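Coordinates in review
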Amino acid sequence: MNMDVELINWIVIIIGQILITIGVFCDFVAALLMIRFPNFYIRLHALTIGSIGGAVVPAVGAALIAIGSPFLGTFRWFLAGGALVVALFIFILGGAGSHAIARATYRAKIVEYRPCYIDQLAEDIGEDGC
Amino acid sequence: MKGTRARDIIFITLIIFAITILAIPTLLGALSSIPPIDLRTIAINYLNNTYNPFNQTLWTSSPEAVAAIVWDYRGLDTLFETVVFYSAIVAALALYREILGEKDILKGKGLSVIVQRATAVSMVGILVVGFATILHGQLTPGGGFQGGAIAAVTSVIAIVVFSRLIIDKSRLSYKRLLLIRNAALVGIALIAIIPIIPFMFGDHTFLSFIFQNQVKAVNSFSYPQIIVDVPMGGSIWFYNLFEGLAVITAFSLAIIVVFYSEELSRKTIEGGEIGF
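What counts, and where the lines are drawn
Residues numbered from 1 in each chain as written. Chains lettered and ligands numbered in written order. Predicted model: local features only at pLDDT ≥ 70, side-chain atom pairs only at ≥ 80, totals over all residues. Helix = DSSP H or I, 4+ residues; strand = E, 2+ residues; numbered from the N terminus. Rg over C-alpha atoms; globule rule 2.2 N^0.38 Å. Buried ≥ 20, exposed ≤ 12 C-beta atoms within 10 Å, placed from the backbone. Contact = placed C-beta atoms within 7 Å. Axes fitted to C-alpha atoms, helices over the stretch in contact; angles between N-to-C directions. Parallel < 35°, antiparallel > 145°, perpendicular 65-115°, else oblique. Left-handed = near helix turned anticlockwise from the far one by under 90°. Nonpolar A, V, L, I, M, F, W, Y, C, P; charged D, E, K, R; others polar. Core = buried A, V, L, I, M, F, W, Y, C linked by C-beta atoms within 7 Å. pLDDT = per-residue confidence, 0-100. Expected span 1.5 Å × (residues − 1).

1. Description of the overall build of chain B
Helices and strands together make up the secondary structure of chain B, namely 11 helices and 2 strands. By the compact-globule yardstick of 19 Å for 276 residues, chain B is too spread out, its C-alpha radius of gyration being 25 Å. Reported as C-alpha extents along the three principal axes, the dimensions of chain B are approximately 65 × 55 × 45 Å. Split into buried and exposed, the 276 residues of chain B put 26% on the buried side.

Shown next, in the form of structure tokens:
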């Protein structure tokens, strides 16, 4: 019985560490692409890689590591709950925030949009795409 | 370009100079040893008395020593801070007295549906955090003002995201916000003078203090100490609650007034020239 619990703790911790590693990778990729991508809208994609992959995923991983650490006592549930709530709110607000940035930029027409391959929003509104 | 370069160099030199001026005395120990090695007597007194169930002569039943000091040991000071804040908001509202409580002319739609729904979810979270900070002021860091400031963020976000129209549509009109705020301030005053009410009404044997929280040597009056197993901090909990409500409504009022559209708020600015 005791061995089983210990095994489950180990598995949970290793899954958490894998998630945090994915988060580190996503943050690195986001920082790199923020410089390398050609224009504003594609850089917005790098921004969301940073906020979802680089913040939500490691927050869930931190929650799993806290759950699998019995030496923290009862407080591990507080840590895990806090991390999960933070992950939930970043998950909701990261997407909505980047959407708001993209929408405001598109409507204000302040960003040069080049190279432009397709502009479906303009076609929907009835303007010329690209 | 030459000018900006010279300006940058001067600016950087000034910053380094200022940091050095601040850092050298600190390193030489002008602020005494940091951190102090031993506790000062005043700190020892507060730590011994704040939550001491075995010697209840000077205790506050609040484990959070800062809340105990702010709302009990030097409660009158905090009362006057609240009065200063109250007067500041009154002054800010008085500047806009021509248009207070009016509906705005603009019919904005706010941001897109996606942003509105995401904001609606997170507004609930902000309110929960704010009220948790207010109601746990006697247990955790924070308290009435801090929690109120957190919760007041919701009104800023609501006005920005849902447009000003949501204020005119909602039930939290100008008059109701003002009513809640005044009721909260009356609550603070009442909690402060409830201990001396028997004395005021002729019972001259009942000696007590304004801002009394827990039982003192001269009388047996006491606000609730512990409910179930949670230390309630006596009057500190009530003060935090009322202060929090007052701060939420005060910030919301100020923000609602600031966010009037230009046509309306121009009225107040032009007032003097037209001859009100």
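2. Some thoughts on the overall build of chain A
Of regular secondary structure, chain A possesses 4 helices and 0 strands. Order of helices (α) and strands (β) in chain A, N terminus to C terminus: α-α-α-α. In terms of overall size, chain A is more extended than a compact globule, its C-alpha atoms giving a radius of gyration of 20 Å where 130 residues would be expected to give roughly 14 Å. Expressed along its principal axes, the backbone C-alpha trace of chain A runs to roughly 70 × 25 × 20 Å. Within chain A, the fraction of its 130 residues that count as buried is 19%. The contacts of chain A with a sequence gap of at least 6 include a subset with a gap of at least 24, amounting to 65%.

3. Some remarks on the packing of helix H1 (residues 2-36) of chain A against helix H2 (residues 40-67) of chain A
The description of two packed helices rests on the angle between their axes and on the distance between the axes. All names here are of chain A. Taken N-terminus to C-terminus, the directions of H1 and H2 make an angle of 160°; their axes are 7 Å apart at the nearest point. As judged from the angle between their axes, H1 and H2 are roughly antiparallel. Read as a crossing pair, H1 and H2 show a hand that is left-handed. Residue classes in the contact of H1 with H2 are distributed as 20 nonpolar, 7 polar and 2 charged.

4. Here's the deal with the interface of chain A and chain B
On the chain B side, the residues contacting the 7 residues of chain A number 8 residues. In terms of residue class, the side of chain A that touches chain B is made up of 5 nonpolar, 1 polar and 1 charged.

5. Focus on the packing of helix H6 (residues 144-162) of chain B against helix H10 (residues 235-258) of chain B
All names here are of chain B. Where H6 meets H10, the closest approach of the two axes is 8 Å, and the angle between their N-to-C directions is 30°. Considered as vectors, H6 and H10 are oriented roughly parallel to each other. Like other packed secondary-structure pairs, H6 and H10 cross with a definite hand, here right-handed. Where H6 approaches H10, its residues Gly144, Phe145, Gly147, Gly148, Ala149, Ala151, Ala152, Ser155, Val156 and Ile159 are matched on the opposing element by Tyr239, Asn240, Glu243, Gly244, Val247, Ile248, Phe251, Ser252 and Ile255. Considering only residue class, the contact of H6 with H10 consists of 11 nonpolar, 7 polar and 1 charged.

6. Some remarks on the nonpolar core
By size, the foremost hydrophobic cluster in this structure holds 37 residues, and its most contacted members are Tyr239, Phe242 and Ala246 of chain B. Going through the elements one at a time, helix H3 (65-73), helix H5 (113-135), H6, helix H8 (174-193) and H10 of chain B are the ones with two or more residues in this core. Excluding anything up to four places from it in sequence, Ala246 of chain B contacts Thr82, Arg181, Ala184 and Leu185 of chain B. In this structure, Cys26, Val60, Ala63 and Ile65 of chain A belong to the second largest nonpolar core, which totals 16 residues.

7. Re the environment of Ala83 of chain A
You can see Ala83 of chain A is positioned in helix H3 (residues 75-108). Not counting chain neighbours up to four residues away, the residues in contact with Ala83 of chain A comprise Ala59, Ala62, Ala63 and Ala66 of chain A.

8. Quick look at unusual backbone geometry
Residues and elements named next belong to chain B. One non-glycine residue, Ser61, adopts positive backbone phi at about 60°. Checked against the element boundaries, Ser61 lands in the loop between helix H2 (41-49) and H3. Of the residues examined, Ser61 has 27 C-beta atoms within 10 Å and is grouped as buried. The backbone of Ser163 sits at a positive phi, close to 70°, despite the residue not being glycine. Note on placement: Ser163 falls in the loop between H6 and helix H7 (165-169). Residue class for Ser163 comes out partly exposed when judged on the 19 C-beta atoms lying within 10 Å of it.

9. So, the confidence of the model for chain B
Residues and elements named next belong to chain B. The predicted model of chain B has a mean per-residue pLDDT of 86, with 95% of residues at 70 or higher. Put simply, helix H11 (residues 262-274) is where chain B has its lowest mean pLDDT, 72, and H5 is where it has its highest, 93. Scoring the predicted complex yields pTM 0.80 and, for the interface, ipTM 0.80.

10. Here's the deal with helix H4 (residues 75-95) of chain B
With 21 residues, H4 of chain B extends 31 Å between its outermost C-alpha atoms, agreeing within 8% with the 30 Å of an ideal straight helix rising 1.5 Å per residue. Close packing links the buried residues of H4 of chain B with H3, H8 and H10 of chain B.

11. Topic: H5 of chain B
At 3.6 residues per turn, the α-helix brings residues three or four places apart onto the same side. With 23 residues, H5 of chain B ought to run about 33 Å at 1.5 Å a step, and its terminal C-alpha atoms sit 33 Å apart, in line with that. For H5 of chain B, the complete set of buried residues consists of Val115, Ala118, Thr119, Gly130, Thr133 and Ile134 of chain B.

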